[in-house]
Number of protein chains: 2
Amino acid sequence: MTDTSATDLHGTVLQLPVRDRRPRAGGRSNPRQRSTSTGNYLNLVNCLTPTELVAPEGIEAIHQASLTVLEEIGMDILLPEARSRMKAAGCDVAPDSERVRFDRGLIAEMIGHAPSGFTLHARNPDRNVAIGGNNLVFAQIASAPFVSDRDGGRRPGNREDFRNLVKLAQSFDVVHLTGGYPVEPVDLHPSVRHLDCLSDLALLTDKVFHCYSLGQRRNLDGIEIARIARGISNEQLDREPSLFSVINSSSPLRLDAPMLQGIIEMASRNQVVIITPFTLAGAMAPVTIAGSLVQQNAEALAGIAFAQMVRKGAPVIYGGFTSNVDMKSGAPAFGTPEYMQAVIVGGQLARRYGLPYRTSNTNAANTLDAQAAYESAFSLWALTQGGGNFIMHAAGWTEGGLTASFEKFILDVDMLQMVAQFLKPLDVSTDALALDAIRDVGPGGHFFGTPHTLARYESAFYAPLVSDWRNHETWTEAGRPTSFDHANRIYKETLARYERPPIDPAVEEELAAFVARRKEEGGVETDF
Amino acid sequence: MTDTSATDLHGTVLQLPVRDRRPRAGGRSNPRQRSTSTGNYLNLVNCLTPTELVAPEGIEAIHQASLTVLEEIGMDILLPEARSRMKAAGCDVAPDSERVRFDRGLIAEMIGHAPSGFTLHARNPDRNVAIGGNNLVFAQIASAPFVSDRDGGRRPGNREDFRNLVKLAQSFDVVHLTGGYPVEPVDLHPSVRHLDCLSDLALLTDKVFHCYSLGQRRNLDGIEIARIARGISNEQLDREPSLFSVINSSSPLRLDAPMLQGIIEMASRNQVVIITPFTLAGAMAPVTIAGSLVQQNAEALAGIAFAQMVRKGAPVIYGGFTSNVDMKSGAPAFGTPEYMQAVIVGGQLARRYGLPYRTSNTNAANTLDAQAAYESAFSLWALTQGGGNFIMHAAGWTEGGLTASFEKFILDVDMLQMVAQFLKPLDVSTDALALDAIRDVGPGGHFFGTPHTLARYESAFYAPLVSDWRNHETWTEAGRPTSFDHANRIYKETLARYERPPIDPAVEEELAAFVARRKEEGGVETDF
């Protein structure tokens, strides 16, 4: 799990840059020593052969159907500049209409330009993440309007909650990067919210962060903040992806103006776009999972192809977010058997194109009960066995994404660490096979005090954060705490231990000056 | 999922008997119509390619090390009759000692006699279960000393609890058989407990049941009750496995007298034994998972080989139960990353020998919280992807097996049904690909009212038992019920709906007469 290289789908080794081991500004030689992690969870590699739920002919059928969708039905492309670029690239752009149709050969050609893997650079090189191949990275929850913990209940997010959630993300190595605003801080005015939030993300963590594609200016600010935080030139930024943006299509078959603008701004600077249709079977997509995947695939391929029209070789990620609705209410459902199937087949599709695959850790629970756990665990099952590379909403997501939960964040971190432990190669060396220990103990003995046990005991097994393994009597004496109680305690302990990662004071000054200047300029226009 | 045949590992088709569709005694033509299941969960087939966590050389290393254990260290065999039989079969039986050593060639030869699959026959042929190959069957929790529900708390089991849990097992098709006594009914005297319990299992369910190997007489009574319940001759019983018994070794490397007697009685009548070492890494087995698997494999192979010495071709199942201990307390831990690894590698070993594989749905939670769910979901992940065939403790197990929980039973049934739904082949027919529906709706529309949706909506997705997908406001108005609340309600509703499955009155009379006679004889001797 500590390798600094990983093999991509075509056998090429993705090299992470040589680590910078010099002491950083602030005098701390290794930020990881202050982490509350219980193991090394950087640079996770998923060695499992991905599960194939659908035979190759089925994948081909979905692929061909989605190309037919793009060729015959097309998509509505709501930004004139994007339509012009598409026309120039050879797409069929209907006159006086937003409709664009994509020749299947053109799609194949453009997808062929997309890299199968790349490195996303953080301001702390230890936090760089390798995307694609067998690499597995977890991003914190993003974009919840509400936040909750047991003490304060469910409430609209504010900057303090935002900052506390970001601090939690910094505190665990298994959360490899942040995924956006974990909760929307509504006490910050929308015209300058992105400046404060991106500045917080850059200062409170040393990990890669995300900028929203909500208008060109926000993308440009995000790119500049990423550049300043890393202390690099524009030229270096253009060579090194250092920021990402999730692009959602407005399913079915539509890309709106800010999203298209986001693709243009990000791809033209060689920054990462994750193209993610939100294809909810029975609502914005066909009621069949296969039909939803056809539509997901069409929308994802169109967005990825457009990124390549903007800049050939631009780093992109194939996003899948197909789930189903509750048959009774029409509400979105997550972590369901249908979600598991969609996640696994989505991985088969992404690998067909040699693209990194983004999926999510989801659930629709209203509280931290068994449902929250099993829907998330089923999501983790599917995304791990399905070969997910970039996992959005990996920690903290609940209530179908409406709420960022402090306790769910801790529960998820524990589950993510368990997944990471499960993926560790099993040691089958002669020493691990323990023939001598078995011989020494013999029939009817026990292994508690043997040298083989004593030498390995402390680090042999994963020590969970949340699981309470005390016997019933001791647990009862302790007041019968549930997972909810433990997670509540742990998130507070973690925040109390949090220390801001070191940063070069000159970088911090430059960042503050940029934010101040942009605020003076009024930030961005808002339509309210 | 409705196939009545399944292919075993060697490509042979395992034929389940042609179903008896005649109305049964009692006048009900189809017991399944009264089930509370939401789908057809009989005859589950796991079409996934099993996950391989260890390379073939690693499996070979574990295999060879375990043969070395059997050859050089051997096992303590505590029953003289078993040692005699082993000596006659060619084992190295030390004089004036319980130690028996097994030549690796002899082990290989004996294992070669074991069938790769077979059918376990229930008194209702609809409930027959195919064991081995790609078949997946779930058995209810067994052998808990305590029982719990939210209302009554945790308490020692009695016959009423026992019967209620058995009634729940009958109520869901996804619980394919019972696994033993779901809870030990301590209000029944041990001398006759097995008679009342086996009679209850035979009458309250029409599914396959288990008899404990706790002395020859109990095995003989169990075999006779299974015969009477099916209304068949001894000769037919000898041809058709209809009862099973779990044989645990006393790890490390010991088989005690009642277990050996159980192998002899069951195998000689062609009934099923599941050989399951309980190899807890760091306690009764080496602290390394690989070392524990070496020991598990040695003990399992010895038991299976002995069953073949008793009767070549006797139906056996390779059992794995390797987990780890809590590093802080030494208490057993379940559903851990190490458990997941052991379950998957156990499957690789069982397939190496072409044997059906038994594993379990485990957790160590003290209550129905997130931990209960994620430890079980991780267990289900491993046993599904690892190719488990026969899943013990699939529903109701909690607190490391100390407690049978009514609410956990419901939660597990829901999770088992989700696994079954996940394993359903994904329909990628032209109709399912939904190109016409996508064309009809077009960019920017929605699929709620389309004919394609309306024709499939009601049965398109799994409708969960426990998950609460209401929005936060509605859920709050409903009193903020948790999964624990829902499961509590559902188990009571299920019991209220329970109806005893029909049985031929002559069979019931014969069964009652047998139990009465055996009780008059005093049941079995007890040592207390």
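What counts, and at which threshold
Residues numbered from 1 in each chain as written. Chains lettered and ligands numbered in written order. Predicted model: local features only at pLDDT ≥ 70, side-chain atom pairs only at ≥ 80, totals over all residues. Helix = DSSP H or I, 4+ residues; strand = E, 2+ residues; numbered from the N terminus. Buried ≥ 20, exposed ≤ 12 C-beta atoms within 10 Å, placed from the backbone. Contact = placed C-beta atoms within 7 Å. Pairing = 2+ DSSP bridges. Axes fitted to C-alpha atoms, helices over the stretch in contact; angles between N-to-C directions. Least-squares fit on C-alpha atoms with pLDDT ≥ 70 in both. Nonpolar A, V, L, I, M, F, W, Y, C, P; charged D, E, K, R; others polar. Expected span 1.5 Å × (residues − 1). Parallel < 35°, antiparallel > 145°, perpendicular 65-115°, else oblique. Core = buried A, V, L, I, M, F, W, Y, C linked by C-beta atoms within 7 Å. pLDDT = per-residue confidence, 0-100.

> What is the right way to look at the overall build of chain A in this model?
The helix and strand inventory of chain A stands at 18 helices and 23 strands. Principal-axis analysis of the C-alpha atoms gives chain A an extent of 85 × 55 × 50 Å. Looking at chain A as a whole, 60% of its 528 residues are labelled buried. Considering only contacts in chain A between residues 6 or more positions apart, those separated by 24 or more positions represent 76%.

> Can you walk me through the sheet that holds strand E9 (residues 135–140) of chain B in this structure?
Two strands in a sheet stick together by hydrogen bonds in their backbones, pointing the same way (parallel) or opposite ways (antiparallel). All names here are of chain B. On the basis of which strands lie adjacent, the open sheet formed by eight strands has the order E3-E9-E21-E20-E17-E15-E13-E12 and mixed pairing. Because the sheet does not close on itself, it has two edges, and the strands there are strand E3 (44–45) and strand E12 (209–210). Inspection of the sheet shows strand E20 (residues 357–360) paired to strand E21 (residues 390–395) by three bridges, in the parallel sense. Looking at the pairing, Ser360 lines up with Met392 of E21. Each of strand E13 (243–249), strand E15 (272–277) and strand E17 (316–319) touches helix H9 (residues 289–310); the most contacted strand, E15, lies at about 155° to it. Along the sheet, helix H10 (residues 337–352) makes contact with E17 and E20, crossing E20 at roughly 170°.

> Looking at this structure, I do not really get the pairing of strand E15 (residues 272–277) of chain A. What am I missing?
Residues and elements named next belong to chain A. Across the six residues of E15, six count as buried, placing the element largely inside the fold. Of the two faces of E15, both are covered, the one formed by Val272, Ile274 and Thr276 as well as the one formed by Val273, Ile275 and Pro277. In the sheet, strand E13 (residues 243–249) pairs with E15 via six bridges, with the strands oriented parallel. By the bridge assignment, Phe244 is partnered in E15 with Val272.

> Mind showing me how you'd approach the relation of the copies chain A and chain B here?
Copy one and copy two of the chain differ by a rotation about a common axis and a shift along it. Overlay of chain A on chain B (RMSD 0.0 Å): rotation 180°, translation along the axis 0.0 Å. Taken together, the rotation and translation relating the two chain copies correspond to the operation of a two-fold axis. For chain A, the residue whose C-alpha comes nearest the rotation axis is Ala370 of chain A, separated from it by 2.1 Å. Looking at the interface residues of chain A, 99% of them are also at the interface in chain B, so both copies use one shared face.

> Teacher, can you tell me more about the pairing of E9 of chain B here?
Sheet faces and side chains relate simply in a regular strand, where the side chains alternate between the two faces. All names here are of chain B. Where burial is concerned, most of E9 is hidden: six out of the six residues are buried. In this structure, E3 lies alongside E9, joined through two bridges in antiparallel fashion. Bridge assignment links Val45 to a residue of E9, and that residue is Asn135. The pairing of E9 with E21 spans three bridges and is classified as parallel. By the bridge assignment for E21, Gln140 is matched with Ala395.

> Looking at this structure, how should I read the interface of chain A and chain B?
Accessible area lost upon the coming together of the parts is a frequently used measure of interface size. With 100 residues of chain A at the interface, the matching set in chain B holds 100 residues. The element contributing the most residues to the side of chain A that touches chain B is helix H11 (residues 370–385) of chain A, with nine residues. Split by residue class, the side of chain A that touches chain B holds 59 nonpolar, 28 polar and 13 charged.

> For this particular structure, what's the right way to read helix H1 (residues 56–73) of chain B?
For an α-helix the count is 3.6 residues per turn, leaving residues at separations of three or four pointing the same way. For H1 of chain B, spanning 18 residues, the distance from its first C-alpha to its last is 25 Å, which sits close to the expected 26 Å at 1.5 Å a residue. Every buried residue of H1 of chain B is listed here: Gly58, Ile59, Ile62, His63, Ala65, Ser66, Leu67, Val69, Leu70 and Ile73 of chain B. As for H1 of chain B, its buried residues are in contact with helix H13 (430–433) and helix H14 (435–441) of chain A together with strand E6 (99–101), helix H3 (104–113), H9 and H10 of chain B. Of the residues one or two after H1 of chain B, Gly74 of chain B is the one with positive phi, at around 80°.

> How do you make sense of helix H9 (residues 289–310) of chain A when you look at a structure like this?
The end-to-end C-alpha distance of H9 of chain A, which contains 22 residues, comes to 31 Å, matching closely the 32 Å that a straight helix rising 1.5 Å per residue would cover. H9 of chain A sits mainly inside the fold: 21 of its 22 residues count as buried.

> Is there a simple way to explain the sheet that holds strand E10 (residues 146–149) of chain B in this structure?
All names here are of chain B. In space, the four strands of this open sheet follow the order E11-E10-E23-E22, with mixed pairing throughout. Both outer strands of the open sheet, strand E11 (153–156) and strand E22 (397–398), are each paired with one neighbouring strand and no more. As paired elements, E10 and E11 share four bridges and run antiparallel to each other. Bridging across to E11, Phe146 finds its partner in Pro156.

> Help me understand the packing of helix H5 (residues 190–204) of chain B against helix H19 (residues 505–520) of chain B, please; the structure alone is not making it clear to me.
If you want to describe how two helices pack, look at the angle between their axes and the distance between the axes. Residue and element names in this part refer to chain B. Interhelical geometry of H5 versus H19 gives an angle of 170° and a closest axis separation of 10 Å. Classed by the angle they form, the pair H5 and H19 counts as roughly antiparallel. Residues Val192, Leu195, Ser199, Ala202 and Leu203 of H5 form the contact with H19, whose own contacting residues are Glu508, Leu511, Val515, Arg518 and Lys519. The residue inventory of the contact of H5 with H19, partitioned by class, reads six nonpolar, one polar and three charged.

> When you look at the packing of helix H4 (residues 159–171) of chain B against helix H18 (residues 483–497) of chain B in this model, what are you seeing that I'm missing?
Residues and elements named next belong to chain B. Between H4 and H18, whose axes approach to 9 Å, the crossing angle comes to 85°. By the angle between their axes, H4 is roughly perpendicular relative to H18. Here Asn164, Lys167, Leu168 and Ser171 of H4 lie close against H18, whose contacting residues are Tyr491, Thr494 and Leu495. When the residues that make up the contact of H4 with H18 are grouped by side-chain class, the tally is three nonpolar, three polar and one charged.

> Which parts of the structure should I look at to understand the environment of Ala267 of chain B?
All names here are of chain B. By the secondary structure assignment, Ala267 is in helix H8 (residues 257–268). Sequence-wise, Ala267 and Leu136 are 131 residues apart; in three dimensions their C-alpha atoms are separated by 23 Å. Sequence-distant contacts of Ala267, that is, excluding residues within four places in its chain, are made with Val273, Ala307, Val310, Arg311 and Ala314.

> Mind showing me how you'd approach unusual backbone geometry here?
Most peptide bonds adopt trans geometry, and most residues besides glycine take a negative phi value. All names here are of chain A. Residue Pro252 is reached from Ser251 by a cis peptide bond, and omega for that bond is 0°. Residue position: Pro252 is located in the loop between E13 and strand E14 (254–255). Notably, Leu253 is not glycine yet its phi reads approximately 60°, a positive angle. For Leu253, the location among the structural elements is in the loop between E13 and E14.

> Looking at this model, I keep getting lost on the environment of Thr403 of chain A. Mind explaining?
All names here are of chain A. You can see Thr403 is positioned in strand E23 (residues 403–405). Overall, Thr403 belongs to the buried group, with 24 C-beta atoms counted inside 10 Å. For the pair Thr403 and Glu184, spaced 219 residues apart in the sequence, the C-alpha separation amounts to 10.0 Å. The contact partners of Thr403, leaving out residues within four places of it in the chain, are Ala144, Phe146, Val147, Ser148, Arg154 and Thr398.

> In this structure, what is going on with the nonpolar core? I would like to understand it.
Nonpolar side chains tend toward joint burial in soluble globular proteins. Val294 and Ala377 of chain A together with Val294 and Ala377 of chain B are the most contacted members of the largest nonpolar core, which has 340 residues in total. Discounting residues that sit within four places of it in the chain, Val294 of chain A has contacts with Ile62, Ala65, Ser66 and Val69 of chain A together with Leu433, Ala434, Leu435 and Ile438 of chain B.

> I'm lost on the environment of His472 of chain A in this one. Help?
Note that His472 of chain A resides in helix H16 (residues 472–477). What makes His472 of chain A partly exposed here is the crowd of 17 C-beta atoms within 10 Å. Linking His472 of chain A and Pro185 of chain A, residues 287 residues apart in sequence, is a C-alpha distance of 42 Å. Apart from residues lying up to four places away in sequence, His472 of chain A is in contact with Arg154, Asn366 and Glu399 of chain B.

> Help me understand the confidence of the model for chain A, please; the structure alone is not making it clear to me.
Predicted coordinates in regions of low pLDDT should not be interpreted in detail. Of the residues in chain A, 92% reach a pLDDT of 70 or more, and the chain-wide mean stands at 92. Taken together, the stretch residues 1–38 of chain A has pLDDT below 50 and engages in 79 contacts with residues farther than four places along the chain or on a different chain.

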